[in-house]
Amino acid sequence: MAVCVAVIAKENYPLYIRSIPTENELKFHYTVHTSLDVVDEKISAMGKALVDQRELYLGLLYPTEDYKVYGYVTNSKVKFVMVVDSSNTALRDNEIRSMFRKLHNSYTDVMCNPFYNPGDPIQSRAFDNMVTSMMMQVC
Amino acid sequence: MADEALFLLLHSELVSCVYKSPEQGEAENGRCITKLESMGFRVGQGLIERFTKDTARFKDELDIMKFICKDFWTTVFKKQIDNLRTNHQGIYVLQDNKFRLLTQMSAAKQYLEHAPKYLAFTCGLIRGGLSNLGIKSIVTAEVSTMPACKFQVMIQKML
């Protein structure tokens, strides 16, 4: 489903980034990088919003010609960015949301692992497998 | 509840384990406190990541402090903070009249000198939790009569 999944630390450096067409990796890095400004914009706008609108899921950040970029920010200001092929119209907002939830759950597990140092790049195999399964589903 | 007893036992074992070294004195005491505090810091970081998974985004600093006093404290110590005071300039005082980790000791001045080592872990817990939510702080604890204690949180403003 997703073609690229990235986890960005609160200081805005990448903790984890993976994309499926490996030959064009740099393009995805660039896409994720540029999306961070939109994330920042959305968060600062959200501070004033009502309680029920202060959700962790940020929704569609921006569409490009071939891809759609979605964002999610945890309470600890860690950002998740997901790039999805825009030809995949079957993908609903709700499904993206549940994918982010899964990603968040998995990230929490990594964070609670005593052998993981907060702020280090994520090298957990469990996390890796979860991301792979998210990318594999009906590509 | 069983898990509560386990936490209390583990915590008191933790303290005595850290304090096992034969060296005594002021410097060694400081080292032990730092060690307990940094353990608490890491645990706080992990816990807050789990607890805030399903909550809405926090509005401001006070919102975060309220979360620590209510939800966080209830989950860890099975009760809420009794009193939260602030000067609205980055200093918060959290008062717990019956702090869980001190209730096992006699409620007088007898063990007062040993209180700091049973509070260091919790200070770290608060500091770690706040730091993961993006707030740098200094947390100190203060006990005057035994089961009651105060935690002072000083927020470091980022320039």
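Scroll up a little and you will see the structure.
Note that the coordinates shown come from a computational prediction; the quantities given were computed from them, not determined experimentally. (Residues numbered from 1 in each chain as written. Chains lettered and ligands numbered in written order. Predicted model: local features only at pLDDT ≥ 70, side-chain atom pairs only at ≥ 80, totals over all residues. Heavy atoms only, no water.)

Engineer: So what's going on with the overall build of chain B? Residues and values would help.
Structural biologist: Broken down by element type, chain B carries four helices and four strands. Shown N-terminal to C-terminal, the secondary structure of chain B runs as helices and strands in the order α-α-α-β-β-α-β-β. Its C-alpha radius of gyration of 16 Å places chain B within 12% of the 15 Å reference for a compact globule of 159 residues. With respect to the principal axes defined by its C-alpha atoms, chain B has extents near 45 × 40 × 25 Å. The buried share of chain B, taken over its 159 residues, is 41%. A separation threshold of at least 6 residues defines the contact pool for chain B, and within that pool the share at least 24 residues apart is 60%. (Helix = DSSP H or I, 4+ residues; strand = E, 2+ residues; numbered from the N terminus. Rg over C-alpha atoms; globule rule 2.2 N^0.38 Å. Buried < 20%, exposed > 50% of the residue type's maximum accessible area, 1.4 Å probe, protein only. Contact = heavy atoms within 4.5 Å.)

Engineer: Please set out the packing of aromatic side chains residue by residue, giving values where relevant.
Structural biologist: Taken as a whole, this structure holds 14 aromatic pairs over all chains when the rule is applied. Between the aromatic rings of W73 of chain B and F77 of chain B, the centroid separation amounts to 4.8 Å while the plane-to-plane angle is 50°, which identifies the pairing as tilted. On the criterion of helical spacing, the pair formed by W73 of chain B and F77 of chain B is a turn pair, its members being four residues apart in helix α3 (residues 61-77). For the residue pair W73 of chain B and F77 of chain B, the accessibility class agrees, reading buried in each case. When the centroid spacing of 6.2 Å and the interplanar angle of 40° are considered together, the rings of W73 of chain B and F99 of chain B count as tilted. Note that W73 of chain B is positioned in helix α3 and F99 of chain B in the loop between β2 (91-96) and α4 (115-132), a separation of 26 residues in sequence. Look at F99 of chain B and you get buried, because its relative accessible area is 0%. One aromatic cluster is present, built from ring pairs that chain together Y57, Y72, F80, F100 and Y107 of chain A. In this arrangement the basic side chain of K27 of chain A is found over the ring face of F28 of chain A, its NZ or CZ atom lying 5.7 Å from the centre. For K117 of chain B, the ring lying beneath its charged end belongs to Y19 of chain B, and the centroid distance is 4.5 Å. (Phe/Tyr/Trp six-rings, centres within 6.5 Å; stacked < 30°, edge-to-face > 60°. Lys NZ or Arg CZ within 6 Å of the ring centre and 35° of its normal.)

Engineer: Hey, could you go over the packing of α3 of chain B against α4 of chain B for me, with residue numbers and the actual values?
Structural biologist: Residues and elements named next belong to chain B. Remark: α3 packs on α4, axes separated minimally by 12 Å, with the N-to-C direction vectors making an angle of 130°. By the angle between their directions, the pair α3 and α4 is classed as oblique. For the element pair α3 and α4, the recorded crossing hand is right-handed. Seen from α3, the contacting residues are I64, M65, I68, F72, W73, V76 and F77; seen from α4, they are T122, L125, I126 and L130. Considering only residue class, the contact of α3 with α4 consists of ten nonpolar, one polar and no charged. (Axes fitted to C-alpha atoms, helices over the stretch in contact; angles between N-to-C directions. Parallel < 35°, antiparallel > 145°, perpendicular 65-115°, else oblique. Left-handed = near helix turned anticlockwise from the far one by under 90°. Nonpolar A, V, L, I, M, F, W, Y, C, P; charged D, E, K, R; others polar.)

Engineer: Any details on the pairing of strand β5 (residues 79-85) of chain A? Residues and values, ideally.
Structural biologist: Residue and element names in this part refer to chain A. With six of seven residues buried, β5 lies mostly within the body of the structure. One ladder, built from six bridges, connects strand β1 (residues 2-8) with β5; its direction is antiparallel. Directly across from V7, in β5, lies its bridge partner F80. In terms of strand pairing, strand β4 (residues 67-73) meets β5 through seven bridges, oriented antiparallel. When the sheet's bridge partners are listed, V73 is paired in β5 with K79. Between the antiparallel neighbours β4 and β5 lie five residues, among them K77 with a positive phi of about 65°. (Pairing = 2+ DSSP bridges.)

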